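Coordinates in review
Each chain, letter by letter, is given below.
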Amino acid sequence: MNLSAVLSRGAVVFALLGVVVPFGGPAAAALPVVDMEQVMLAAQVDPPKSGTGQTPGAAASVLEVERALSAKGFLASASVDGHYGTSTVAAYAAWQRSLGYSGLDANGYPGPSSLTTLGSGRYTVTRPINTGSRTSSYGGERVNARTRDMLAAADAKLSWSITLSQGSYTSANPSSAGTHDAGGAVDISVASLSTTQRWQTVQALRTVGFAAWLRNPSQGDWPYHIHAVAISDTDLATGAANQVHDYYFGKNGLANHAADDTPSAYRVAFTWWEKSRR
């Protein structure tokens with residue numbers, strides 16, 4: 001094959017080396033993959049930790065996010081450690097604000113759009129989480145679309161109906177300690193249910209990805225009810241996200257962080273909505 005023929009096929013001849021290399025060099029390596037579900041899991045589980053321990057299965061994705069934040073000047077290199085702690089939450093919130101987001105859209109928890117933009121040329125995003133409309137409802141109480149779908153799925157597992165006593169995006173009840181101020185948190189009335197039905201409702205909620213507990217009057221100034229937090233909801237208030245941390249480690253999600261009192265017969269393996277559907 002003569003030189004002109006080689007050039008016409010889109011290659012460069014390095015005559016001195018006697019090597020033919022296609023234009024553009026060797027095929028570019030595939031970009032790393034960031035699993036948004038794992039990043040959100042770490043964003044809930046990691047911040048309350050006393051140290052910088054990593055969440056199993058999430059560290060590789062978190063590292064890519066932290067490297068990108070550091071490269072853009074939002075996160076100190078010393079904090080690029082695979083632990084989505086408070087420094088990473090603050091750095092990601094600053095990144096969101098730099099994109100023009102505010103309020104719940106700049107809470108330090110990745111949304112699919114900001115996460116994809118951050119990773120441009122650095123990583124690709126898989127398993128995105130979308131909360132959908134923030135003005136959806138379930139039984140007349142405001143929730144986002146993801147929470148609505150989760151409640152419907154839990155409801156379908158029961159022969160009685162799930163009735164909300166409090167929805168999301170509301171600060172109407174001070175005893176909720178701010179957990180309902182944003183998305184993903186609901187309270188469920190159980191006054192008409194037997195003890196067994198109450199625990200079965202907790203089980204159904206946990207099966208579809210809620211951190212859920214049966215609350216009783218001895219724990220606080222409230223009647224019997226179920227408190228549930230949609231795991232990995234990107235709109236979670238900090239207090240609600242901290243309750244997911246408690247649930248992950250088998251605790252009760254209250255200020256005393258005591259052991260979960262749910263009977264073993266009604267416990268399920270830790271999961272979230274997207275994972276439960278696979």
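Below: a short report on this structure.

How each quantity is defined
Residues numbered from 1 in each chain as written. Predicted model: local features only at pLDDT ≥ 70, side-chain atom pairs only at ≥ 80, totals over all residues. Heavy atoms only, no water. Pairing = 2+ DSSP bridges. Helix = DSSP H or I, 4+ residues; strand = E, 2+ residues; numbered from the N terminus. Axes fitted to C-alpha atoms, helices over the stretch in contact; angles between N-to-C directions. Contact = heavy atoms within 4.5 Å. Parallel < 35°, antiparallel > 145°, perpendicular 65-115°, else oblique. Left-handed = near helix turned anticlockwise from the far one by under 90°. Nonpolar A, V, L, I, M, F, W, Y, C, P; charged D, E, K, R; others polar. Phe/Tyr/Trp six-rings, centres within 6.5 Å; stacked < 30°, edge-to-face > 60°. Lys NZ or Arg CZ within 6 Å of the ring centre and 35° of its normal. Salt bridge = Lys/Arg side-chain N within 4 Å of Asp/Glu carboxyl O. Buried < 20%, exposed > 50% of the residue type's maximum accessible area, 1.4 Å probe, protein only. Polar contact = N/O pair within 3.5 Å; in protein donor to acceptor, adjacent residues only side chain to side chain. 1 Å grid on protein atoms, 1.4 Å probe; cavity = no way out; pocket = protein on both sides within 12 Å on 5 of 7 lines; lining within 4 Å. Points joined across faces, edges and corners; volume = space filled by probe spheres on them.

With that settled, the discussion passes to the sheet that holds strand 10 (residues 225-230). Taken together, the four strands give an open sheet; going across it, the order is 7-8-10-9, and neighbouring strands pair in antiparallel fashion. Edge positions in the sheet fall to strand 7 (164-166) and strand 9 (210-215), since each has one partner strand and no second. On average, each strand axis in the sheet is inclined to that of its neighbour by 30°, with strand direction left out of account. Those strands touched by helix 8 (residues 238-248) are strand 9 and strand 10, and its axis lies near 85° from that of strand 9.

Before going further, it helps to spend a moment on the packing of helix 3 (residues 59-71) against helix 4 (residues 86-98). With their axes 10 Å apart at the nearest point, helix 3 and helix 4 run at an angle of 55° to one another. Here helix 4 runs oblique to helix 3, going by the angle between their axes. For the pair helix 3 and helix 4, the crossing hand works out as left-handed. Across the interface between the two elements, V65, E66 and L69 of helix 3 pack against T88, A91, Y92 and W95 of helix 4. Counted by class, the contact of helix 3 with helix 4 contains five nonpolar, one polar and one charged residues.

Another point: the packing of aromatic side chains. To describe a pair of aromatic rings, you give the distance between the ring centres and the angle between the ring planes. In total, this model carries seven aromatic pairs according to the counting rule given. Ring centres 6.3 Å apart and planes at 65° place the aromatic pair F270 and W272 in the edge-to-face group. In textbook terms, an aromatic cluster arises when at least three aromatic residues are bridged by ring pairs, as seen for W213, Y247, Y248, F249, F270 and W272. The ring centre of Y224 lies 4.8 Å from the NZ or CZ of R198, which sits over that ring.

Take the pattern of salt bridges next. Taken as a whole, this structure holds nine salt bridges when the rule is applied. E64 serves as the salt-bridge partner of R67, at 2.9 Å between the closest nitrogen and oxygen. With R67 and E64 both in helix 3 and three residues apart, this pair spans about one turn of that helix. One salt bridge connects D149 with R148, and the closest N-O pair in it is separated by 3.1 Å. The class for R148 is partly exposed, based on a relative accessible area of 30%. What you see here is one network of salt bridges that share partners, running through D105, R134 and D235.

Time to look at the pairing of strand 9. Counting buried positions along strand 9 yields six of six residues, so the element is predominantly enclosed. With six bridges joining them, strand 9 and strand 10 adopt antiparallel strand pairing. Across the sheet, the residue bridging to W213 is H227, located in strand 10.

Once that is clear, we can look at the side chain of H180. Its place among the elements puts H180 in the loop between strand 7 and strand 8 (185-189). Residue classification places H180 among the buried positions, given a relative accessible area of 1%. Of note is the side chain of H180, whose polar atom sits 3.3 Å from the side chain of D187.

Volume-wise, the largest pocket comes out at about 450 Å³. Forming the walls of the largest pocket are 26 residues, and the residues nearest its centre are S175, S176, T179, W222 and H227. For the lining of the largest pocket, the secondary-structure elements that each account for two or more residues are strand 7, strand 8, strand 10 and helix 8. By residue class, the composition of the lining of the largest pocket is eight nonpolar, 15 polar and three charged. When its volume is computed, the second largest pocket comes out at roughly 270 Å³. Taken together, 18 residues make up the lining of the second largest pocket; nearest its centre are D105, G111, P112, R134 and T234. Per element, the largest residue contribution to the lining of the second largest pocket is three residues, and it comes from helix 5 (residues 112-118). A class-by-class count of the residues in the lining of the second largest pocket yields six nonpolar, nine polar and three charged.

A separate point is the packing of helix 2 (residues 36-45) against helix 8. One way to put it is that helix 2 packs onto helix 8 with a least axis distance of 7 Å and a crossing angle of 95°. Classed by the angle they form, the pair helix 2 and helix 8 counts as roughly perpendicular. Of the residues in helix 8, those in contact with L41, Q44 and V45 of helix 2 are A241, V244, H245 and Y248. Counted by class, the contact of helix 2 with helix 8 contains five nonpolar, two polar and no charged residues.

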